[in-house]
Amino acid sequence: MHYNSITEYFSRLQNRTLIIFFSGILLFMLVFYLMMVKVIEPVMSMESEGIILYALIAMAFMEASIVAILTRMMLAKSIAKVSLGERMDDYVKVNLIRAVMLLSGSLMLTLTVYLFNWEWLLMVYCIYLLFYLLFWPSRQRLCTDLKLKPSERDVINGL
């Protein structure tokens, strides 16, 4: 990713993450709305296949937890690099992979809504969206993830 300033870097990074974030939310809202107005009906019932419901929810949250471990492993190679610019370029790739993995969990919860139409899934989905906030690409998150030195933090924060 080419950028002319730190502000442009974060603007582009956050815009790309927003596209991924809102694509999952829009699909979830569409399916949820169609279920509420009875255009589409649930495929399964809670009584007979309830275990599938809980398994899909658990898998979505386990995937979100695994994201933290995988991104830490991917960033370990980047932390060893000397150049801050190279580390920031690697961070873009890791952040987009992180966002796509969170999107797949979001799609799993959307599938769960389609299969079961359980009212509480809206709250479960909102709780899941907190993982996006936890991993949102900000200046502080970049400094924490890349374990930057104080002088590098000053460059990122614009001091």
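Our structure's up above, just so we're on the same page.
Below you will find a few notes about this structure. Not measured: the values here are computed from a predicted model.

Attention now goes to the overall build of the protein chain. Secondary structure summary: the protein chain contains six helices and zero strands in total. In sequence order, the secondary structure elements of the protein chain are arranged as α-α-α-α-α-α. Judged by the C-alpha coordinates and their principal axes, the protein chain covers about 60 × 25 × 20 Å. Counting all 159 residues of the protein chain, 40% fall into the buried class.

The subject of this paragraph is the nonpolar core. Counting 31 residues, the largest nonpolar core has Ile 57, Leu 102, Leu 109, Val 113, Leu 121 and Tyr 128 as the members making the most contacts within it. Listing elements by their share of this core, those giving two or more residues are helix H1 (6–36), helix H2 (46–79), helix H3 (84–116) and helix H4 (121–134). In terms of residues, this core owes the most to one element, H3, which gives nine residues. Aside from chain neighbours lying at most four places away, what touches Leu 121 is Phe 28, Leu 53, Ile 57, Thr 112 and Val 113. Residues Leu 75, Leu 84, Val 94 and Ile 156 belong to the second largest nonpolar core, which totals 15 residues.

The subject of this paragraph is H3. With 33 residues, H3 should reach 48 Å at 1.5 Å per residue; the first-to-last C-alpha distance of 48 Å fits that figure. A distance of 3.3 Å separates the backbone nitrogen of Gly 85 from a side-chain oxygen at the start of H3, and that oxygen is part of Ser 83. Asn 117 occupies a position one or two residues after H3 and carries a positive phi of about 55°.

The next thing to look at is the packing of H1 against H3. One can describe the packing of H1 onto H3 by two numbers: an axis separation of 9 Å at closest approach and a directional angle of 5°. As the angle between them shows, H1 and H3 are arranged roughly parallel.

So, on to empty space enclosed by the protein. On inspection of all chains with the given rule, the structure shows one cavity of 30 Å³ or more. If you trace the largest cavity, you find it lined by Thr 17, Asn 95, Arg 98, Ala 99, Leu 102, Tyr 132, Phe 135, Trp 136 and Pro 137. Per element, the largest residue contribution to the lining of the largest cavity is four residues, and it comes from H3. Along the lines of polarity and charge, the residues of the lining of the largest cavity split into six nonpolar, two polar and one charged.

This part covers the packing of H3 against H4. It is the contact of H3 with H4, at a shortest axis distance of 11 Å, that shows an interaxial angle of 180°. Between H3 and H4, the angle falls in the class roughly antiparallel. Mapping the contact onto sequence places Ala 99, Met 101, Leu 102, Leu 103, Gly 105, Ser 106, Leu 109, Thr 112 and Val 113 in H3 and Leu 121, Val 124, Tyr 125, Tyr 128, Phe 131 and Tyr 132 in H4. Class assignment of the residues belonging to the contact of H3 with H4 gives a composition of 12 nonpolar, three polar and no charged.

This part takes up the packing of aromatic side chains. Taken as a whole and judged by the stated rule, the model has 10 aromatic pairs. Taking 5.6 Å as the distance between ring centres and 85° as the angle between the ring planes, the aromatic pair formed by Phe 61 and Tyr 128 counts as edge-to-face. With a gap of 67 residues between them, Phe 61 in helix H2 and Tyr 128 in helix H4 connect regions that are remote in the sequence. Three or more aromatic residues joined by ring pairs make a cluster, and in this case those are Phe 21, Phe 22, Tyr 132 and Trp 136.

One pass over the structure, following the stated rule, counts six salt bridges. One salt bridge in this structure joins Glu 8 and Arg 12, with 2.8 Å as the shortest N-O distance. Of this pair, Glu 8 and Arg 12 both sit in helix H1, four residues apart, roughly one helical turn. The closest approach of N and O atoms between Arg 141 and Asp 145, which form a salt bridge, is 3.0 Å. Of the two residues, Arg 141 and Asp 145 both sit in helix H5 (residues 139–146), four residues apart, roughly one turn of that helix. Here the residues in one salt-bridge network are Arg 72, Arg 98, Arg 141 and Asp 145, joined through shared partners.

Cut-offs used in this document
Residues numbered from 1 in each chain as written. Predicted model: local features only at pLDDT ≥ 70, side-chain atom pairs only at ≥ 80, totals over all residues. Heavy atoms only, no water. Helix = DSSP H or I, 4+ residues; strand = E, 2+ residues; numbered from the N terminus. Buried < 20%, exposed > 50% of the residue type's maximum accessible area, 1.4 Å probe, protein only. Core = buried A, V, L, I, M, F, W, Y, C linked by side-chain atoms within 4.5 Å. Contact = heavy atoms within 4.5 Å. Expected span 1.5 Å × (residues − 1). Polar contact = N/O pair within 3.5 Å; in protein donor to acceptor, adjacent residues only side chain to side chain. Axes fitted to C-alpha atoms, helices over the stretch in contact; angles between N-to-C directions. Parallel < 35°, antiparallel > 145°, perpendicular 65-115°, else oblique. 1 Å grid on protein atoms, 1.4 Å probe; cavity = no way out; pocket = protein on both sides within 12 Å on 5 of 7 lines; lining within 4 Å. Points joined across faces, edges and corners; volume = space filled by probe spheres on them. Nonpolar A, V, L, I, M, F, W, Y, C, P; charged D, E, K, R; others polar. Phe/Tyr/Trp six-rings, centres within 6.5 Å; stacked < 30°, edge-to-face > 60°. Salt bridge = Lys/Arg side-chain N within 4 Å of Asp/Glu carboxyl O.

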